[in-house]
Amino acid sequence: MLNEPKMHHFVPQFYLAGFTPSGKREDDLWVFDTSNGNSFKSKPEKIAKQKDYYKIDSNEINNNVVEEMFAKIESGTAPVINNIIKYNEIPTGEDFKILMYFLALLSVRTPGFRKVISKLTEDIARATAEITFSSEERYNSIISQMRKEGYEIDDKLNFEEMKEFIFSDRYDIKIDRTWLVYWIFETVDIILPMLHDRNWTLIKIQDPTAASFICCDRPVSLTFFEDSKSFLGPGFGLNKTFLLMPLNRRYMLMGTFEKAKEKYKADIKLTANFNSRVASGAERFIYSSKKNFIYTKPDGMIGDSYNLIEQYLNKIND
């Protein structure tokens, strides 16, 4: 049935499977909830999903067409990532294009990104409404134009009452889900060339028995090389930024605009540093093959998952 509710994964199951001990979907991984400090085991099938997350509200097409499209993209990407891990090589040609498109999609299909777009759209809508009601002359001009374009306008609307309402906090702006899904593809087209322009390094854990990479509900992390005093966050097109995407518990992709080695082995210190960058990008959940993983604490020392959860809890209690 077209209208049947479905659970849509915003982080693919095949990708999450790489952070289980065996690398298989049937296995469990550890989930850390930074909102309350809880941790539990779960299978990839049961996490990183929301009901009807990519559903299109339409009577003319299959409502789940986007989810089905993503499933095909994931099926094409899984063997590319498997080959990276198998041969310890970043792909070239068509496989590299597939990898970059998947990375771009993974960057913008999460709830965290959707919140950013929703907030931006809401701010623009409020600003537009306030400009409209900045003067009665402007308001009448806009209403007149809307009537010419065929919009039905209630003659009972009073300018002063409407202005008071618009400049109040007594209303919410709801962003259409279909429009938000549309923006996924718009944003992918914008950032994809920037991903192709970056120099990519394949990072491998030096000692997989001693440490492992983690993942989160915003799998692609974008951070500055060092702490920045800029009031703006790192951007996809900015120099001196790391773009990190863990491939599984042992491998990670790193993209920069500066010169970089094609391959690199991560010791304990570097693994902890990368894990802290990934964890800092989490919307709420962190995923790991182990209950105890390492990261770099704010004081520069290496800590573990217990220290990290304590750090989150301290923020909540402050």
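Predicted model, so just to flag it, every value in this text is computed and none were measured.

Scoring rules and cut-offs
Residues numbered from 1 in each chain as written. Predicted model: local features only at pLDDT ≥ 70, side-chain atom pairs only at ≥ 80, totals over all residues. Heavy atoms only, no water. Core = buried A, V, L, I, M, F, W, Y, C linked by side-chain atoms within 4.5 Å. Buried < 20%, exposed > 50% of the residue type's maximum accessible area, 1.4 Å probe, protein only. Helix = DSSP H or I, 4+ residues; strand = E, 2+ residues; numbered from the N terminus. Contact = heavy atoms within 4.5 Å. Pairing = 2+ DSSP bridges. Axes fitted to C-alpha atoms, helices over the stretch in contact; angles between N-to-C directions. Polar contact = N/O pair within 3.5 Å; in protein donor to acceptor, adjacent residues only side chain to side chain.

**Student:** Outline the nonpolar core, supporting the account with residue identities and numerical values.
**Tutor:** Counting 49 residues, the largest nonpolar core has Tyr-15, Leu-103 and Trp-200 as its most contacted members. Here this core takes 9 residues from helix 3 (residues 93–108), the largest share from any one element. Once residues lying within four places of it in the same chain are set aside, the contact partners of Trp-200 are Ile-90, Phe-96, Met-100, Leu-103, Leu-195, Leu-243, Leu-253, Met-254, Gly-255, Lys-261 and Glu-262. One finds Ile-205, Phe-213, Met-254 and Ala-282 within the second-largest nonpolar core, a separate group that totals 22 residues.

**Student:** Lay out the sheet that holds strand 5 (residues 199–205) in plain terms, naming residues and giving numbers.
**Tutor:** If you walk across this open sheet you meet the 5 strands as 7-8-9-5-10, and the pairing is mixed. In this open sheet, the two strands that pair with only one neighbour each are strand 7 (221–224) and strand 10 (263–266). Taking each pair of neighbouring strands and ignoring which way they run, the sheet shows an average axis angle of 30°. Across 4 bridges, the pairing between strand 7 and strand 8 (residues 241–246) is antiparallel. Bridge pairing in strand 8 places Phe-224 opposite Thr-241. Together, strand 5, strand 8 and strand 9 (251–256) form the strand contacts of helix 3, whose direction differs from that of strand 8 by roughly 100°.

**Student:** Which residues make up the side chain of Arg-114, and what are the values?
**Tutor:** Mapping Arg-114 onto the fold places it in helix 4 (residues 111–132). Of note is the side chain of Arg-114, whose polar atom sits 2.9 Å from the backbone oxygen of Tyr-53. Residues within four places of Arg-114 in sequence aside, it is in contact with Tyr-53, Tyr-54, Arg-177, Leu-180 and Val-181.

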